[in-house]
Amino acid sequence: MSLAIIGGTGLTSLEGLEITRREVVRTPYGEPSTPLIHGSFKGYDITFLARHGYSHNIPPHQVNYRANIWALRHVGVQRVLAVAAVGGINEQYGPGRIAIPDQIIDYTHSRTTTFFDEDLSQVTHIDFTYPYDDELRSWLLRAAQEAGVDAVDGGTYGATQGPRLETAAEIKRMRQDGCDVVGMTGMPEAALAREAELPYAHCAVVANWGAGMESGQTLSMDDIRANLTRGMESVKMIIGSLAPK
Ligand code: HPA
């Protein structure tokens, strides 16, 4: 079963990936963020896509999520592991921690969120009760355990519009809503994957405490980057422990 990895901030390439082919995919929705990189990683097939482009120049609200998911589906990948940086909103989700969330609250707006919006023979509503694929989540959690990475099993991902970070009041509200982590790219990516019938799970790397969680402190990109580098090492260990399926 071939696996696609969508790499986010801090993961624009995958070291150790033996690249066999780069593929430019044209889609009905425009250009994916990058050509797809096909290769072999520790003996299994991986297709890699850098969500923000190789030079990290596509902000979260400008990512062409539809083109990315359509391209992955088109080349026949069978599941999608999305890696993305997040802020921690709950005590368990501190900087450097890895989480495999199991729920989503979507606060984004003005994004194109569906493949089902024109040329329809009938209106389509996908089921999204459990937004992430359970089998893929379990596979990731097992790999984390094998790699000795203490990943949090579950949690609610709050997707915000960005590109600015949140206000302290927004984070407080999200915490009251039940969010555990906050990021800017989890939606509509997860919903589009479901529409495309691609099993999808999220490996969230906590880069910072959500705005206002540390009283009196503001957020610095330098701190965020430092934690992210540490967290991405854990992500690479998890990916390296995914036994071929
Ligand atoms: N908010 C939203 N997205 C993020 C954050 C955050 O605090 N940290 C990393 N991605």
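Residues numbered from 1 in each chain as written. Predicted model: local features only at pLDDT ≥ 70, side-chain atom pairs only at ≥ 80, totals over all residues.

**Student:** Help me understand the UniProt feature "binding site: substrate" (unreviewed entry) in the protein in this model?
**Tutor:** Those residues carrying the UniProt feature "binding site: substrate" (unreviewed entry) are Met184 in this numbering. Within the secondary structure, Met184 sits in the loop between β10 (181–183) and α4 (189–195). The contacts of Met184, once residues within four sequence positions are left out, are Pro60, Ala159, Thr160, Gln161, Gly162 and Pro163. (UniProt positions renumbered as here; feature names shortened; annotations may be inferred. Helix = DSSP H or I, 4+ residues; strand = E, 2+ residues; numbered from the N terminus. Contact = placed C-beta atoms within 7 Å.)

**Student:** Got a minute to help me understand the UniProt feature "site: Important for substrate specificity" (unreviewed entry) in the protein in this structure?
**Tutor:** UniProt records the feature "site: Important for substrate specificity" (unreviewed entry) for Glu166 and Met221 in the present numbering. In summary, the annotated positions, though distributed over 56 residues, converge in three dimensions, the widest C-alpha pair being only 13.5 Å. Tracing the backbone shows Glu166 in the loop between β9 (156–159) and α3 (168–177). You can call Glu166 buried: it has 23 C-beta atoms within 10 Å. (Buried ≥ 20, exposed ≤ 12 C-beta atoms within 10 Å, placed from the backbone.)

**Student:** I would appreciate a short explanation of the site of the ligand in the present structure.
**Tutor:** As a structural note, the neighbourhood of the ligand is formed by 13 residues, with Ala85, Gly87, Val182, Gly183 and Ala207 the closest of them. Put simply, the parts of the chain that give the shell around the ligand at least two residues each are β5 (79–88), β10 and β11 (200–209). Considering each element in turn, the shell around the ligand owes the most residues, 3 residues, to β5. Split by residue class, the shell around the ligand holds 7 nonpolar, 5 polar and 1 charged. (Near = placed C-beta within 6 Å. Nonpolar A, V, L, I, M, F, W, Y, C, P; charged D, E, K, R; others polar.)

**Student:** It is not clear to me how the nonpolar core should be interpreted in this structure. Could you clarify?
**Tutor:** Most often, soluble globular proteins keep nonpolar side chains buried together rather than apart. The biggest cluster of nonpolar side chains holds 66 residues, and the ones touching the most others in it are Ile5, Val83, Val181, Cys203, Ala204 and Val205. What Val181 contacts, discounting residues up to four positions off in sequence, is Val86, Gly87, Gly88, Ile89, Tyr93, Ala99, Pro101, Gly155, Tyr157, Ala204 and Val206. (Core = buried A, V, L, I, M, F, W, Y, C linked by C-beta atoms within 7 Å.)

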